[in-house]
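Chain residues, written in single-letter form:
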Amino acid sequence: MTLLLCCIKAEGKKSNFTIIHSSNGGTRGHHVFAVCFCPLISNMKQTNPCWRDHFNNPMSTRGGLLLASLLLCCLAGTCHGVVSFSSLQRTLLVTASPTQGQVLKGGEDNITVTWVLNQTYSESEGTDSAYNTVKVKLCFAPISQVDRAWRKTEDNLNKDKTCQFIIVTRPYNPSNRTVQSFVWTVERDVPTATYFVRAYAFNSQGEEVGYGQSTDDKKTTNLFNVEAISGRHASLDIAAACFSAFSVVSLFGFFVLEKRKAKMAEKK
């Protein structure tokens, strides 16, 4: 078997690859398995072969196929463009009902969110022609991300952990640009933190193509708090207090009783 790996050409931000598998005649049934791909290489005018490796014995066939499979797995992520938050336009106007600093209780209070295409962009034909769905999310404010890597903001939206809770997903109709709204009850598993609301517009390929949020660009205005459910009821706290008081009284009574017994023993 012969494994051939070569660079071909770069088009835009995506990598193109071709898989060729052929069999040549011969007593040994020599096979050629070629994987041609093209990573994005800046400042390069000509493409050159990346590398070649030949396996000329039957035992190397498995190794070659395995190596090619692993290579294709590694390249799978580069075949799709990476969407960065900084590349998106703020084409949606988003509002959330909570006021600045308001405290909402998980499992009890509601949030009313609205979204609509920004009038500035609605005047431009085709701005939302690629919009397929709108996904509204609950997002951590910067103050609740400090020293919490699992909530970290990344420009690469595939790695971004700012918005972890989906409020609603709705199809987008470019011919209907009226204000959309949804009432959401804060879920019980939402942790105690400070939040804002953000909406992403997605195209038919599931890529973010626009956004809007209920706060400013620095994420300092219209922030609200969520108070998570502790999992305890008031009755449990009362019962715990009663048992604690009873244990203290019992301990004091036991101490007094032991002292009396000691005095009676001394008199005898």
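The structure reproduced in this document is the subject of the present report. (Residues numbered from 1 in each chain as written. Predicted model: local features only at pLDDT ≥ 70, side-chain atom pairs only at ≥ 80, totals over all residues. Heavy atoms only, no water.)

Attention shifts here to the overall build of the protein. From N to C terminus, the protein includes three helices and 13 strands. Here the protein holds 268 residues, and 30% of them are scored as buried. Pairs at least 24 apart in sequence give 74% of the contacts found in the protein among residues at least 6 apart. (Helix = DSSP H or I, 4+ residues; strand = E, 2+ residues; numbered from the N terminus. Buried < 20%, exposed > 50% of the residue type's maximum accessible area, 1.4 Å probe, protein only. Contact = heavy atoms within 4.5 Å.)

Attention now goes to the packing of aromatic side chains. Aromatic ring pairs are defined here through the distance separating the ring centres and the angle between the ring planes. Counted according to the given criterion, the structure contains six aromatic pairs. A ring pair is formed by Phe 140 and Phe 165, whose centres lie 6.0 Å apart and whose planes are at 70°; its orientation type is edge-to-face. Residue Phe 140 is located in strand 8 (residues 133-140), and its partner Phe 165 is located in strand 9 (residues 163-171); the two are separated by 25 residues in the primary sequence. Exposure remark for Phe 165: the relative accessible area of 13% places this residue in the buried category. The structure contains a cluster of three or more aromatic residues connected by ring pairs, namely Phe 140, Phe 165 and Tyr 195. One cation-aromatic arrangement involves Lys 135 over Phe 202; the distance from NZ or CZ to the ring centre is 5.2 Å. (Phe/Tyr/Trp six-rings, centres within 6.5 Å; stacked < 30°, edge-to-face > 60°. Lys NZ or Arg CZ within 6 Å of the ring centre and 35° of its normal.)

What follows deals with unusual backbone geometry. In this model, Asp 147 sits at a positive phi of 60°, which is unusual for a non-glycine residue. Mapped onto the elements of the fold, Asp 147 is located in the loop between strand 8 and strand 9. Overall, the relative accessible area of 75% leaves Asp 147 in the exposed class. Backbone geometry places Asn 222, a non-glycine residue, at a positive phi of 55°. Among the secondary structure elements, Asn 222 is positioned in the loop between strand 12 (208-213) and strand 13 (224-227). According to the relative accessible area criterion, Asn 222 is partly exposed, its value standing at 41%.

With that settled, the discussion passes to a positive patch on the surface. Among the surface-exposed residues, Lys 259, Arg 260, Lys 263 and Lys 267 lie close enough to one another that they form a single positively charged patch. Turning to its location among the elements, Lys 267 is positioned in helix 3 (residues 234-267). (Patch = residues over 30% accessible without salt bridge, like charges linked within 9 Å, V, L, I, M, F, W, Y side chains within 5 Å. Areas by Shrake-Rupley, 256 points an atom, 1.4 Å probe, with all protein chains shown as cover. Salt bridge = Lys/Arg side-chain N within 4 Å of Asp/Glu carboxyl O. Lys, Arg positive; Asp, Glu negative; His and termini not counted. Charge placed at Lys NZ, Arg CZ, Asp CG, Glu CD.)

To continue, consider the side chain of Thr 162. Mapped onto the elements, Thr 162 comes out in the loop between strand 8 and strand 9. Of the polar contacts made by the side chain of Thr 162, one reaches the side chain of Thr 153; its length is 2.6 Å. Among the polar contacts made by the side chain of Thr 162, one reaches the side chain of Asp 160 at a distance of 2.8 Å. Here Thr 162 is in contact with Leu 138, Cys 139, Phe 140, Gln 145, Arg 151, Lys 152, Thr 153 and Phe 196, once residues within four sequence places are set aside. (Polar contact = N/O pair within 3.5 Å; in protein donor to acceptor, adjacent residues only side chain to side chain.)

Below, the discussion takes up the side chain of Thr 114. Tracing the backbone shows Thr 114 in strand 7 (residues 110-117). Within polar-contact distance, the side chain of Thr 114 engages the side chain of Thr 95 at 2.3 Å. In this structure, Thr 114 is in contact with Leu 93, Val 94, Thr 95, Val 179, Gln 180 and Ser 181, ignoring residues within four places of it in sequence.

If you look at the biggest cluster of nonpolar residues, it comprises 26 residues, and the most contacted ones within it are Val 136, Leu 138, Ile 167, Val 190, Tyr 195, Val 197 and Phe 224. Those elements giving two or more residues to this core turn out to be strand 5 (92-96), strand 7, strand 8, strand 9, strand 11 (193-202) and strand 13. Examining the composition of this core, we find that five residues originate from one element, strand 11, more than from any other. Once residues within four sequence positions are removed from consideration, Val 197 is found in contact with Val 94, Ala 96, Val 113, Val 136, Lys 137, Leu 138, Ile 167, Gly 212, Gln 213, Ser 214 and Phe 224. Counting six residues, the second-largest nonpolar core is a separate cluster that includes Val 83, Leu 88, Tyr 200 and Tyr 211. (Core = buried A, V, L, I, M, F, W, Y, C linked by side-chain atoms within 4.5 Å.)

Looking now at a nonpolar patch on the surface. On the surface, Phe 252, Phe 255 and Val 256 cluster together into a nonpolar patch covering about 310 Å² of accessible area. Examined against the element boundaries, Val 256 turns out to sit in helix 3. Taking relative accessible area as the criterion, Val 256 reaches 32% and is therefore assigned partly exposed.

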